[in-house]
Amino acid sequence: MKKKKRILTGDRPTGRLHLGHYVGSLANRVKLQEDYETFILIADAQALTDHFEHPEILLKNIREVAKDYLSVGLDPEKSTIFVQSMIPEIAELAVFYLNLVTVARLQRNPTVKDEMKQKGFEANLPAGFLVYPVHQAADITAFQADLVPVGKDQLPMIEQTNEIVRRFNTLYKKVLTEPEGLVGEFPRLPGTDGQGKMSKSVGNTIYLSDDAKTLEKKVMRMYTDPTRLRATDRGHIEGNPVFTYHDAFNPNKEDIADLKDRYRKGKVGDVEVKKKLIVALNAFLEPLRERRAEYASDDKKIDEILIAGTARARKVAKETLALVKNAMQINYPF
Ligand code: TRP
């Protein structure tokens, strides 16, 4: 049998996952787990690079993210779900890779730059934060991933990884795999405020775990077209998140086309458009809620899945570390 290609991807466990995560990357993971050997990392060590003052949030959030994964249909038999800090080989790889990257290159990484600004790190940048792309390269290469399904903001991380892989392979020996990024169909789902992307810190998110009541409240409060004061005014579709969500989650394309048409003509009110969005989102979320309910109060089951996944993942990371040490001629006889 031909060896399956590999996927490695993951999320920081700093909160629950939301619709933006789903369309950016989770949907691809669920689809591809059938054809790829899939590894999904819960990046707790990476989360510490900007939450090092609050390590106590990790345990709860690791379990929440695991529940989010199971709720969207990631199958722990097909997808290996594991905890980053429990694979010390990843940290070891990162130590070797750190020599292959310049500080200037890290400072130019667009994602690092954005996040530094957002977190106000400019003056007191923790070194661990600056080098997290190198750790992410270790995450990806430890599993010799061919494909990395991620949100669009993560593409600079894949580019940085490829530079490290190429440098390693030419400098030592060609043992590492160059990965490719895969961005979802709606790479940057706007927040409910129609401003930037969905983001916990802004409070413009709809969570995969939101119940029907919470969802309804959030949708009814959504930003629409600020230039439209009455339902009889002509409305704008572009930049209107209510329609972006319809495109992403409402399978009834005819209904969407009709709503857009009437919206442009001033023949439908925001309320009808939002009510239909609530129906579509509930239809999407209901199966997730049902699957989540199976695990809701069963942390023991979640922990078992993580223990089994971490054991499986560690074996693969160990193989890669051995290849790397061999390539570097530091596989000493003692
Ligand atoms: N940086 C990713 C995020 O912020 C999480 C992550 C860590 C990741 N390691 C990874 C994603 C490896 C893809 C591959 O969400």
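What counts as what
- Residues numbered from 1 in each chain as written.
- Predicted model: local features only at pLDDT ≥ 70, side-chain atom pairs only at ≥ 80, totals over all residues.
- Heavy atoms only, no water.
- Helix = DSSP H or I, 4+ residues; strand = E, 2+ residues; numbered from the N terminus.
- Rg over C-alpha atoms; globule rule 2.2 N^0.38 Å.
- Buried < 20%, exposed > 50% of the residue type's maximum accessible area, 1.4 Å probe, protein only.
- Domains from an automatic or database assignment.
- Contact = heavy atoms within 4.5 Å.
- Buried area = accessible area lost by both parts, 1.4 Å probe.
- Salt bridge = Lys/Arg side-chain N within 4 Å of Asp/Glu carboxyl O.
- Near = heavy atom within 4 Å.
- Polar contact = N/O pair within 3.5 Å; in protein donor to acceptor, adjacent residues only side chain to side chain.
- Areas by Shrake-Rupley, 256 points an atom, 1.4 Å probe, with all protein chains shown as cover.
- Phe/Tyr/Trp six-rings, centres within 6.5 Å; stacked < 30°, edge-to-face > 60°.
- Lys NZ or Arg CZ within 6 Å of the ring centre and 35° of its normal.

A tally of regular secondary structure across the protein chain gives 14 helices and five strands. Here the C-alpha atoms of the protein chain give a radius of gyration of 22 Å, agreeing with the 20 Å that 2.2 N^0.38 yields for 334 residues. Projecting the C-alpha coordinates of the protein chain onto the three principal axes gives extents of approximately 80 × 45 × 40 Å. Relative to its 334 residues, the protein chain shows a buried fraction of 52%.

According to the domain assignment, the protein chain contains domain 1 (6-190 + 298-328) and domain 2 (212-292). The centre of domain 1, based on its C-alpha atoms, is set 33 Å off from the matching centre of domain 2. The partner domain 2 presents 12 residues to the 13 residues of domain 1 that form the contact. Buried area between domain 1 and domain 2, both sides added, is near 1,100 Å², and the carbon and sulfur share of it is 72%. Put simply, domain 1 and domain 2 have two salt bridges between them.

Our next topic: the site of the ligand. Lining the immediate environment of the ligand, one finds 14 residues, of which Arg12, Gln46, Gln136, Asp139 and Gln154 sit closest. Within the contact set of the ligand, an oxygen atom lies 3.0 Å away from a side-chain nitrogen or oxygen of Arg12. Within the side chain of Gln136, one N or O atom sits 3.0 Å away from a nitrogen atom of the ligand. Contact with the protein chains removes 91% of the 360 Å² of surface that the ligand exposes when unbound. Contributing elements (two or more residues each) for the shell around the ligand: strand E1 (6-11), helix H8 (132-142) and strand E4 (147-150).

As a further point, take the pattern of salt bridges. Applying the stated criterion to the full structure yields 29 salt bridges. Its salt-bridge partner being Arg292, residue Glu64 comes within 2.6 Å of it at the nearest N-O pair. Of this pair, Glu64 sits in helix H3 (residues 58-72) while Arg292 sits in helix H13 (residues 270-295), placing them 228 residues apart in sequence. Grouping residues by exposure puts Glu64 and Arg292 together as buried. With a shortest N-O distance of 3.2 Å, Lys67 and Asp299 are connected by a salt bridge. With Lys67 in helix H3 and Asp299 in helix H14 (residues 299-327), this pair connects stretches of sequence that are 232 residues apart. The exposure class assigned to Asp299 is partly exposed, which follows from its relative accessible area of 29%. Within the structure, one salt-bridge network assembled from shared partners comprises Asp255, Asp258, Arg262, Glu272 and Lys276.

Scanning the entire structure with this criterion turns up 10 aromatic pairs. Each ring, one from Phe168 and one from Tyr172, has its centre 4.8 Å from the other, and the planes form 65°; the classification is edge-to-face. When the ring centre of Tyr207 is taken as reference, the NZ or CZ atom of Arg16 above it lies at 4.1 Å. Directly above the aromatic system of Tyr263 lies the positively charged group of Arg228, at a separation of 4.0 Å from the ring centroid.

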